[in-house]
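# Structural features, examined
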Amino acid sequence: MVQLSGITPSGHVHLGNHLGALRRFASDSEPDDLFFVSDLHAMTTAHNPAKLRALATEQLAVMVATGVDPERVFVQSDIAKELGALTWILECTCSYGEAARMIQFKEKAKGQAGVRLSLLTYPVLMAADILLQGASDVPVGEDQSQHVELARTLARRFNSTYGEVFTVPRAVLPPTGARVKDLVEPTRKMSKSAHDAAGVVFVLDEPDQVRRKIRRARTDGGSVPAYAPESRPGIANLLDILAACTGRNPNELADEYPSYGVLKDAVADAVIEELRPVRERTMALLADTAELERVRKAGAIRAAERGDHRLSSALRLIGAG
């Protein structure tokens, strides 16, 4: 079994990414699991090339600093030639109607002028990500399950039409991680692309920045902390974060803090300590450009080699090789 997970560098890595995904990648994965920085997926809308390059480098550094095995990571664009060739093969296997019915395309394209073609076709690129590496399991949320289903459809269609090449993947629900909400707007998820960073704790924030953001976190009615996600989402979010950092139950934690101020100080202390080693290792990696480049080049070579026989077979069977 090969499990494949990718993270798009659409912004700086934040606390929710760390607690909800990256920490799990480092501790709960199997030896054959693969993790990649999906920087090509960040090009479907207008972007700054230099910023995207820097964010992809930061994402790779944070991933390794969190404890993900460097031998199982790579950057998507480093195998762009292989992915480009397989994406074309899969586009020649996919129908326009299948691509156009993707819910995310409809939602993101709605009301926009000059929608990029890549926004329509990127689920095919996602299929290429999966099929090139021979992934059998793809952990995704509900918003991406339709894309994995497209990958399944294309794998089966190619195999039945031209010959057996691809593993037919399946979408799997990832283990439940911490669901970190925006500190200012706790009714929405913490997001890399949030317009206002006041409610987002980034992994590379200085400790005083972390403390300041948490102290300014929105609180709800009532005089003492209580865990009530529906009626008091702000306090529930702080308790969820504290629980994720300490391995405790948020309901139990609520009874230990007599005031919002004391709770916020405890959350800040826990988050700072949780992120401290990751931040330190990330900064060291970003400063050691030679080591980070070595990790990146080695990852690209391994990713290309893992997919080489599938791409060669697909090209030959479809009549191009």
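Read on for an overview of the structure. Here, residues in each chain are numbered from 1, in the same order as that chain's written sequence. Where totals are concerned, whole chains, interfaces and linings use all residues; where local detail is concerned, this predicted model gives features only for residues with pLDDT of at least 70, and gives and counts side-chain atom pairs only at 80 or more. Processing note: side-chain calculations cover all non-hydrogen atoms of the structure and skip hydrogens and water entirely.

### What to know about the overall build of the protein chain
A tally of regular secondary structure across the protein chain gives twelve helices and five strands. For the radius of gyration, the atoms used are the C-alpha atoms, and the globule rule reads 2.2 Å times the number of residues raised to 0.38. Rg of the C-alpha trace for the protein chain: 21 Å, near the compact-globule value of 20 Å for 321 residues, within the 12% margin. Taken along the three principal axes of its C-alpha coordinates, the protein chain extends 70 × 45 × 35 Å. When accessible area is computed with a 1.4 Å probe and restricted to protein chains, residues below 20% of their type maximum are described as buried, those above 50% as exposed, and intermediate ones as partly exposed. Out of the 321 residues in the protein chain, the part that is buried amounts to 50%. Contact criterion: two residues are considered in contact whenever any of their non-hydrogen atoms come within 4.5 Å of each other. Sequence-distant contacts in the protein chain: of pairs separated by 6 or more residues, those separated by 24 or more amount to 75%. Using a 1.4 Å probe, accessible areas were evaluated by the Shrake-Rupley method; residue-level cover was limited to the displayed protein chains. If you sum the accessible surface of the protein chain, you get close to 15200 Å²; carbon and sulfur atoms cover 51% of it. Separation of charge centres in the protein chain, based on 39 positive and 41 negative side chains, amounts to 4 Å. Here a helix means four or more residues in a row that DSSP labels H or I, a strand means two or more in a row labelled E, and each is numbered from the N terminus. Positive charges are assigned to Lys and Arg, negative charges to Asp and Glu, while His and the chain termini are left out of the count. In plain terms, the charge of a residue is placed at NZ if it is Lys, CZ if Arg, CG if Asp and CD if Glu.

### Re the pairing of strand 1 (residues 4-7)
As judged from the four bridges shared by strand 1 and strand 2 (residues 34-37), these two strands associate in the parallel manner. For Ile7, the partnering residue across the bridge sits in strand 2 and is Val37. Assignment of crossover handedness uses the view with strands pointing away from the viewer, where a clockwise path from the first strand over the helix to the second indicates a right-handed crossover. Crossover connection from strand 1 via helix 1 (residues 15-28) to parallel strand 2: handedness right-handed. Two strands pair under a simple rule: DSSP has to find at least two bridges between them.

### Observations regarding the pattern of salt bridges
Here, a salt bridge means any Lys or Arg side-chain nitrogen found within 4 Å of an Asp or Glu carboxyl oxygen. Tallied over the full model, the rule gives 17 salt bridges. One salt bridge connects Arg188 with Asp182, and the closest N-O pair in it is separated by 3.8 Å. In this structure, Glu291 engages Arg294 in a salt bridge whose closest nitrogen and oxygen atoms are separated by 2.9 Å. Pair noted here: Glu291 and Arg294 are both in helix 12 (residues 289-318), with a separation of three residues, about one helical turn. Using a relative accessible area of 29% as the deciding quantity, one classes Glu291 as partly exposed. When its relative accessible area of 46% is taken as the criterion, Arg294 is described as partly exposed.

### Concerning the packing of aromatic side chains
Note on ring pairs: Phe, Tyr and Trp rings are taken, using the six-membered ring of Trp, and paired if centres are within 6.5 Å. Classes follow the plane angle, with under 30 degrees stacked, over 60 edge-to-face and the rest tilted. Across all of its chains, the model carries four aromatic pairs by this definition. With a centroid separation of 5.2 Å and an interplanar angle of 65°, the aromatic rings of Phe158 and Phe166 are classed as edge-to-face. You'll find Phe158 and Phe166 in the same group, each marked buried.

### Overview of the sheet that holds strand 3 (residues 73-75)
Read across the open sheet, the three strands follow the order 1-2-3; overall the sheet is parallel. Lying at the two open borders of the sheet, with one neighbouring strand each, are strand 1 and strand 3. Strand-to-strand twist of the sheet, defined as the mean angle between neighbouring strand axes without regard to direction, takes the value 25°. Axis angles are defined between N-to-C directions and span 0 to 180 degrees, where every axis is a line fitted to C-alpha atoms and, for a helix, only to the segment in contact.

### Comments concerning the side chain of His41
Tracing the sequence through the fold places His41 in the loop between strand 2 and helix 2 (49-66). In the analysis that follows, any N or O atom pair within 3.5 Å is treated as a polar contact, provided that within protein one partner can donate a hydrogen and the other can accept it, and provided that, for residues neighboring in sequence, both atoms belong to side chains. For His41, the side chain forms a polar contact with the side chain of Asp129, separated by 2.8 Å. Aside from chain neighbours lying at most four places away, what touches His41 is Thr8, Gln76, Tyr122, Leu125, Met126 and Asp129.

### A word on the nonpolar core
For the purposes of this section, nonpolar cores are sets of buried Ala, Val, Leu, Ile, Met, Phe, Trp, Tyr and Cys residues that join through side-chain atoms within 4.5 Å. Within the largest apolar cluster, 53 residues are counted, with the highest numbers of intra-cluster contacts made by Leu15, Ile214 and Val271. Among the elements that make up this core, the one with the highest residue count is helix 11 (residues 260-287) (eleven residues). Sequence-distant contacts of Val271, that is, excluding residues within four places in its chain, are made with Leu15, Val201, Val210, Ile214, Ile241 and Cys245. If you look at the next biggest cluster of nonpolar residues, it comprises 41 residues, including Ile89, Leu125, Ala127 and Ala151.

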